[in-house]
Amino acid sequence: MPRVYVKICGLREPEHVMAAVEAGADAIGFVLTRSSRRVTPARARELAAAVPSHVLTVAVFAGETSQEVRQATLEAGVRAVQLHGDHPHEDFTALKDLDVTLVRAGAAGADLRCGAFDEDLLIVDAPRPGSGLPWDWAAVRGRPQGRWMLAGGLDPSNVAEAIDAAGPWGVDVSSGVETAPGVKDAGLIRSFLAAARRAGQG
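Below, the structure is looked at part by part. (Residues numbered from 1 in each chain as written. Predicted model: local features only at pLDDT ≥ 70, side-chain atom pairs only at ≥ 80, totals over all residues. Heavy atoms only, no water.)

## Digging into helix 5 (residues 159-166)
Within helix 5, the full set of buried residues consists of Val-159, Ala-162, Ile-163, Ala-165 and Ala-166. Buried residues of helix 5, seen end-on, are gathered within an arc of 165° and therefore sit on one face of the element. What points out from helix 5, more than 90 degrees from its buried face, is the exposed set Glu-161 and Asp-164. Positive backbone phi, approximately 65°, marks Gly-167, located one or two places after helix 5. (Buried < 20%, exposed > 50% of the residue type's maximum accessible area, 1.4 Å probe, protein only. Helix = DSSP H or I, 4+ residues; strand = E, 2+ residues; numbered from the N terminus. Arc of directions from axis to C-beta.)

## A closer look at the packing of aromatic side chains
Counted by the stated rule, this structure contains two aromatic pairs. An angle of 20° between the planes, with centres 4.4 Å apart, marks the rings of Tyr-5 and Trp-169 as stacked. In this pair, Tyr-5 is assigned in strand 1 (residues 5-8) and Trp-169 in the loop between helix 5 and strand 8 (170-173), connecting sequence segments 164 residues apart. For Trp-169, a relative accessible area of 26% corresponds to the partly exposed category. Note on Phe-92 and Phe-117: the rings are 5.9 Å apart at their centroids and 80° apart in plane angle, and the pair reads as edge-to-face. With Phe-92 in helix 4 (residues 89-93) and Phe-117 in the loop between strand 5 (101-107) and strand 6 (121-125), this pair connects stretches of sequence that are 25 residues apart. (Phe/Tyr/Trp six-rings, centres within 6.5 Å; stacked < 30°, edge-to-face > 60°.)

## Here's the deal with the nonpolar core
Grouped burial of nonpolar side chains is what soluble globular proteins tend to show. Counting residues in each nonpolar core, the largest one holds 55 residues, and the members touching the most others are Ile-8, Ile-28, Phe-30, Leu-32, Leu-150, Val-171 and Phe-192. With six residues, the single largest contributor to this core is helix 6 (residues 186-200). Every residue in contact with Phe-192, bar those within four places of it in the chain, is listed here: Val-6, Ile-8, Leu-154, Asp-155, Pro-156, Val-159, Val-171, Val-173 and Val-177. One finds Tyr-5, Leu-56, Ala-80 and Leu-121 within the second-largest nonpolar core, a separate group that totals 14 residues. (Core = buried A, V, L, I, M, F, W, Y, C linked by side-chain atoms within 4.5 Å. Contact = heavy atoms within 4.5 Å.)

## Notes on helix 3 (residues 66-76)
The complete set of buried residues in helix 3 reads Val-69, Arg-70, Ala-72, Thr-73 and Ala-76. Contacts made by the buried residues of helix 3 are with helix 2 (41-48), strand 3 (56-61) and strand 4 (80-84). At the C-terminal side of helix 3, Gly-77 shows a positive phi close to 65°.

## Thoughts on the pattern of salt bridges
Scanning all chains against the criterion turns up eleven salt bridges. For the salt bridge of Glu-46 with Arg-43, the shortest nitrogen-to-oxygen distance reads 3.2 Å. Of the two residues, Glu-46 and Arg-43 both sit in helix 2, three residues apart, roughly one turn of that helix. A residue is classified by how much of its surface remains accessible, and Glu-46, at 51% relative accessible area, is exposed. Arg-43 gets classed as partly exposed once you look at its relative accessible area, which sits at 26%. Here Arg-104 makes a salt bridge to Glu-119, at a shortest N to O gap of 2.9 Å. Of this pair, Arg-104 sits in strand 5 while Glu-119 sits in the loop between strand 5 and strand 6, placing them 15 residues apart in sequence. The pair formed by Arg-104 and Glu-119 is uniform in burial state, with each residue classed as buried. Because the salt bridges share partners, they merge into one network encompassing Arg-3, Asp-26 and Arg-197. (Salt bridge = Lys/Arg side-chain N within 4 Å of Asp/Glu carboxyl O.)

## Some remarks on the sheet that holds strand 4
The strand order around the closed barrel built from eight strands is 1-2-3-4-5-6-7-8, with neighbouring strands paired in parallel fashion. Strand-to-strand twist in this sheet, taken as the mean axis angle between neighbours without regard to direction, amounts to 25°. Summarising the sheet, strand 2 (residues 27-31) and strand 3 pair through five bridges and their orientation is parallel. Bridge pairing in strand 3 places Gly-29 opposite Val-58. (Pairing = 2+ DSSP bridges. Axes fitted to C-alpha atoms, helices over the stretch in contact; angles between N-to-C directions.)

Next comes the structure, spelled out in C-alpha cells:
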C-alpha cells in the first residue's frame, strides 16, 4: 500500500507547526475563516514561513468570496487554498491564476471526483462536517476518484481503522489532535502521524 498523505489542520502555534513538520506531515492547514481555530492572514504568514518547501501550507476558507480568498491567500503567502463546503465551480476557476494547489473539501454526498471543480486535491468529510465524530468511513470506499483525503472524526486511536475501511490516498485531521477546541497537542500530532504511517505500510 502506498504511503498515506497526511494533513494536519487548524494549527495556530509555532510549536505545533514544528511538531507536525518534524513528525512528517505532508501538509499543514491554517484556518482563515470563522472558527475557534481561526488565525489572521498575517499570523498564517508567520507560521508558514517556518515550514520547509516540501510541506504544503494550506489556507482554509468556507463561504468567502473568491476575491476575499484571493486577498487573504496573497497576504498569507501559502502554497495552497482549501475551499470547504458549497463553493461553486466558478470559485475554483477564479483562483487558478494564483498558481497554488487548490483543495476542495465537502461532505461525502458531494461530487467525489477529484478534479471535477478543477481542484488538485479532494477532501471527503463526514456527512455533518465539523462534528468531530467518527462516521461510516467504509461507505465511501471505492467511490472517490483521484487524490483524495478522508476527514471527519479521525484521531490517533482510529486513523488506522479508517484508512483500512475507506482506502483513501490521504487523511486530514484537526479536532482529533486537540485537547480542547482549537488547542492542539504536540503529542497527539506525533501519535496521529505515526499511526497513519503504520497503517499506510499495511
